[in-house]
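# Geometric and topological summary
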Amino acid sequence: SNHSRECLPLNTNLLPKDVYSADCPFYHPDDIIKNHVVDGQSITVELYLELPLDDYGIPKLSHWAFIAFRHGESHEEKRERYVQEKRDEVEKFQAERERQANLRQLEIERPKLEKMKVILADQLIHDAVIERTVNEEWALIKDSGVLDNLVPDEGQQEEIRSFLQRNYVELSDCYKFYSAVNSGGGTHTLEFIELNKFLCETSILGEEHSSAILRIFIDSHINAKTGKSKVKPSIHSEIHRHEFLLALIKISIFKFISLPKKEIARLKRQGQHIPNSKRNVPTAPKALEMVYEQHLAPLLANMPAGAKMRDAVASKEVLILFHDNLEALKRCFNKFAQSDSEDGSISLSEFSVFAMSAGFSGGGERRLGLQKSSSFRNGRASERKHSITGDKTSKGVTPKDIRQIFSASQNDRPEEVEEKNKEEVSHYEVMTFSEFVEAIARLGVMKFAQGGPKEGADDQSEELSYYECIKLAISAAVKCGVAEGNE
């Protein structure tokens, strides 16, 4: 400036000392400044009014000045070191700025997150809740006396209980998914046809073992044996989740203990050699673990409605999204909630009406990239080969999808039954607001996961993230609530 010139001695040669801004502590001397800033931003250039000298009369340059003016071969190594040091300084500066920004954002978001975690408390997985549910369902299995006959060793029983607790969420996901496959029964109980489909799709047992499967299914009706149910066990009756867990234990023993022992006995009768690999029959807990690791875990890892879905619902971004639309979602829920429910709840039929009203079901678009032919002998082309992993050929969200979403959104608290209109109704048969919110997220992933056509491409579909799918689903639910409210 003119003022600076007046203050400086004549013939002063100013040398840059450092170049930085509020947004970056270092600009390389080779940087073109206009490429790094926008209009309105300022850059600070520090100048030497007088060069400091060392004891030998050599100028002591700043890192920036050394990088800018020392280009000789003798200075190359030191110059590169200074450049790296300044780059590291920039990275640390930016990381700290990001950390501070995140802290400020967290202060804004914390009340929203805390509120949504309270509202969705039943949906978010807690180890204490899982342990309580497992212990209650284990007590039902133990009280029946069936387990003592099946696995008399108490140590092995504890191994099985521990295994169920460790993998309960995943096993519950399996149960919920298949309990809603058939439209004939409830979404919270498992029919024989649904158990059979589960075993076939997971390749645990095949059709050649259908009689054994039926026997295990009927023998697993411990509610009938303990007097908790008046329904006589048959191919047409249904089992609950704790009975499904018992059936899974029985199936594991049948597959990895009973069948191998029968094979060993056959080889002995025929005088054939029995290889060591067949002599070593596992314990009951190990058999259960083998069924899980060999048949269930590979499918569960790719289950769209499983861990990935739960993680998305519990993520900070989605919880904030729910909070910002909370009142609109409540209005939508109240429009479809049962009028005779004190605290508000939605039945499966009402949830189906909501899904159709909001445009989730009945659509004609094909969910691309998931088409596989059926391996079942009934030849129904619209069936899924591995439906638990999302492989399907049907278009849009089907009634079966809606039943499965209704079932999957039920929280894992121990089952509670109340009397309504002189009938016993499980809380798994109705949907609370928190379950409704999760169900909207699941509908969004089912409906929008394959997205829409990419720009400039009529026949290609762009895959959306779970967050984007949930955002679209919330928008559809909010519009549905407004539309219904204005009628």
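Residues numbered from 1 in each chain as written. Predicted model: local features only at pLDDT ≥ 70, side-chain atom pairs only at ≥ 80, totals over all residues. Heavy atoms only, no water.

## Concerning the overall build of the protein chain
Going by this rule: A run of DSSP states H or I qualifies as a helix once it reaches four residues; a run of E qualifies as a strand once it reaches two. Both are numbered from the N-terminal end. Here, residues are in contact when the closest pair of their heavy atoms is within 4.5 Å. Calculation of accessible area relied on Shrake-Rupley with a 1.4 Å probe; when residues are assessed, cover is drawn exclusively from the protein chains displayed.
For the protein chain, the count of helices and strands is 20 helices and eight strands. Taking contacts inside the protein chain between residues at least 6 apart in sequence as the whole, the part at least 24 apart equals 66%. Accessible area of the protein chain: about 26,900 Å², with a carbon and sulfur share of 49%.

## Section: the confidence of the model for the protein chain
What counts here: Confidence scores here are pLDDT values: one per residue, from the predictor, ranging 0 to 100.
Looking at the protein chain, the pLDDT average stands at 82 and 81% of residues meet or exceed 70. When mean pLDDT is taken per element in the protein chain, helix α6 (residues 154-166) scores highest with 95 and helix α1 (residues 2-7) scores lowest with 47. For the stretch residues 364-386, pLDDT sits under 50, and the model shows 50 contacts to residues farther than four places along the chain or on other chains.

## Some thoughts on the pattern of salt bridges
Basically, it comes down to this: Each salt bridge in this description consists of a side-chain nitrogen of Lys or Arg and a carboxyl oxygen of Asp or Glu lying within 4 Å of one another. Residue burial is assigned from relative accessible area. The probe radius is 1.4 Å, only protein chains are included, and a residue is buried under 20% of its type maximum, exposed over 50%, and partly exposed in between.
Scanning the model with the defined rule gives 18 salt bridges in all. Note that D324 is salt-bridged to K112, the shortest N-O span being 3.3 Å. Of this pair, D324 sits in helix α15 (residues 316-324) while K112 sits in helix α3 (residues 76-119); the two residues are 212 residues apart in sequence, bridging distant segments of the chain. For D324, a relative accessible area of 49% translates into the label partly exposed. Each of E170, D173 and R310 takes part in a single network of salt bridges with overlapping partners.

## Observations concerning the side chain of N167
Applied cut-off: Contacts described as polar in this section are N or O atom pairs within 3.5 Å, which, within protein, must combine one atom able to donate a hydrogen with one able to accept it, while residues neighboring in sequence count only if both atoms come from side chains.
If you trace the backbone, N167 turns up in the loop between α6 and α7 (168-179). Polar contacts involving the side chain of N167 include one to the main-chain carbonyl oxygen of F163, which spans 3.0 Å.

## Side note on the nonpolar core
One broad trend across soluble globular proteins is that nonpolar side chains are buried collectively. The condition is simple: Definition of nonpolar core: a set of buried residues of the types Ala, Val, Leu, Ile, Met, Phe, Trp, Tyr and Cys, connected through side-chain atoms within 4.5 Å.
Residues L195 and F198 are the most contacted members of the largest nonpolar core, which totals 51 residues. Elements represented by at least two residues in this core include exactly α4 (127-143), α5 (146-150), α6, α7, α8 (192-201), α9 (210-219), α11 (241-269) and α13 (284-300). The element best represented in this core is α11, accounting for 11 residues. When neighbours within four sequence positions are excluded, F198 is seen to be in contact with C174, Y178, I204, F244, L248 and L296. In this structure, L113, A337, L443 and I470 belong to the second largest nonpolar core, which totals 49 residues.

## Brief notes about a negative patch on the surface
Operational definition: Like charges within 9 Å and nonpolar side chains (Val, Leu, Ile, Met, Phe, Trp, Tyr) within 5 Å are joined into patches, using only residues over 30% in relative accessible area that form no salt bridge. Neither His nor the chain ends contribute to the count of charged residues, in which Lys and Arg are positive and Asp and Glu negative. Just so you know, the charge point we use is NZ for Lys, CZ for Arg, CG for Asp and CD for Glu.
A cluster of like negative charges, contributed by E73, E76, E77 and E80, occupies part of the molecular surface. Tracing the backbone through its elements, the reader meets E77 in helix α3.

## As for the packing of aromatic side chains
Short version of the rule: Aromatic contacts are taken between Phe, Tyr and Trp rings whose centres are within 6.5 Å, Trp giving its six-membered ring; a plane angle under 30 degrees counts as stacked, one over 60 as edge-to-face, and the others as tilted. Our definition puts a charge over a ring when NZ of Lys or CZ of Arg is within 6 Å of the ring centre and also within 35 degrees of the ring normal.
Enumeration over the complete set of coordinates arrives at 15 aromatic pairs. On the basis of an interplanar angle of 45° and a centroid distance of 5.4 Å, the ring pair of Y175 and F244 is categorised as tilted. Separated by 69 residues along the polypeptide, Y175 in helix α7 and F244 in helix α11 bring together distant segments of the chain. Overall, the relative accessible area of 5% leaves Y175 in the buried class. For F244, a relative accessible area of 2% translates into the label buried. Between the aromatic rings of F351 and F406, the centroid separation amounts to 6.0 Å while the plane-to-plane angle is 50°, which identifies the pairing as tilted. One end of the pair, F351, is in helix α17 (residues 348-357); the other, F406, is in helix α18 (residues 399-408), with 55 residues separating them in the sequence. For the pair F351 and F406, a shared accessibility class is recorded, and that class is buried. Clustering of aromatic rings is evident, with ring pairs tying together F333, F336, F351, F354, F360, F406, F433, F436 and F448. The positively charged end of K308 is found above the aromatic ring belonging to Y466, 4.5 Å away from the centroid.

## Some thoughts on the state of the cysteines
Which entries qualify depends on this criterion: For the purposes of this analysis, a disulfide is any pair of cysteine sulfur atoms at a distance within 2.5 Å.
By the definition in use, this model includes zero disulfides. Residue C332 stays outside any disulfide, its sulfur separated by 4.7 Å from that of C480, the closest cysteine. Overall, the relative accessible area of 0% leaves C332 in the buried class.

## Quick word on the side chain of E438
Within the secondary structure, E438 sits in helix α19 (residues 433-448). Exposure remark for E438: the relative accessible area of 6% places this residue in the buried category. At 2.9 Å, the side chain of E438 forms a polar contact with the side chain of R442. Not counting residues within four places of it along the chain, the set of residues in contact with E438 comprises Q123, V313, A408 and S409.

## Things to note about helix α14 (residues 307-314)
Under the convention used in this document: The arc under discussion is defined with respect to the helix axis, by the directions toward the C-beta atoms.
When we look at burial in α14, the residues that qualify are M309, R310, A312 and V313. Buried positions in α14, seen along its axis, are confined to an arc of 160° and lie on one side of it. The outward face of α14, more than 90 degrees from its buried face, is lined by the exposed residues K308 and D311.

## Considering the packing of α6 against α13
This is how the line gets drawn: Interaxial angle, 0 to 180 degrees, is taken between N-to-C directions of lines fitted to C-alpha atoms, where a helix line uses only the stretch in contact. Convention used here: angles under 35 degrees read as roughly parallel, angles over 145 as roughly antiparallel, angles from 65 to 115 as roughly perpendicular, and any remaining angle as oblique.
Running from N to C, α6 and α13 point in directions that differ by 25°, and their axes come no closer than 8 Å. Accordingly, the angle class assigned to the pair α6 and α13 is roughly parallel. Taking contact as the criterion, the partners of Q156, E159, I160, F163 and L164 in α6 are, on α13, A284, P285, L288, E289 and Y292.

## Overview of a nonpolar patch on the surface
Together, L14, V45, L47 and L49 make up a nonpolar patch on the protein surface, roughly 360 Å² of accessible area in all. Following the sequence through the fold, L47 ends up in strand β2 (residues 44-48).

## Concerning the packing of α6 against α7
Two elements in contact, α6 and α7, have axes whose closest approach is 5 Å; the angle formed by their N-to-C orientations is 75°. Judged by the angle between their axes, α6 and α7 are roughly perpendicular. Contact residues: F163, L164, Q165 and R166 in α6; Y168, E170 and L171 in α7.

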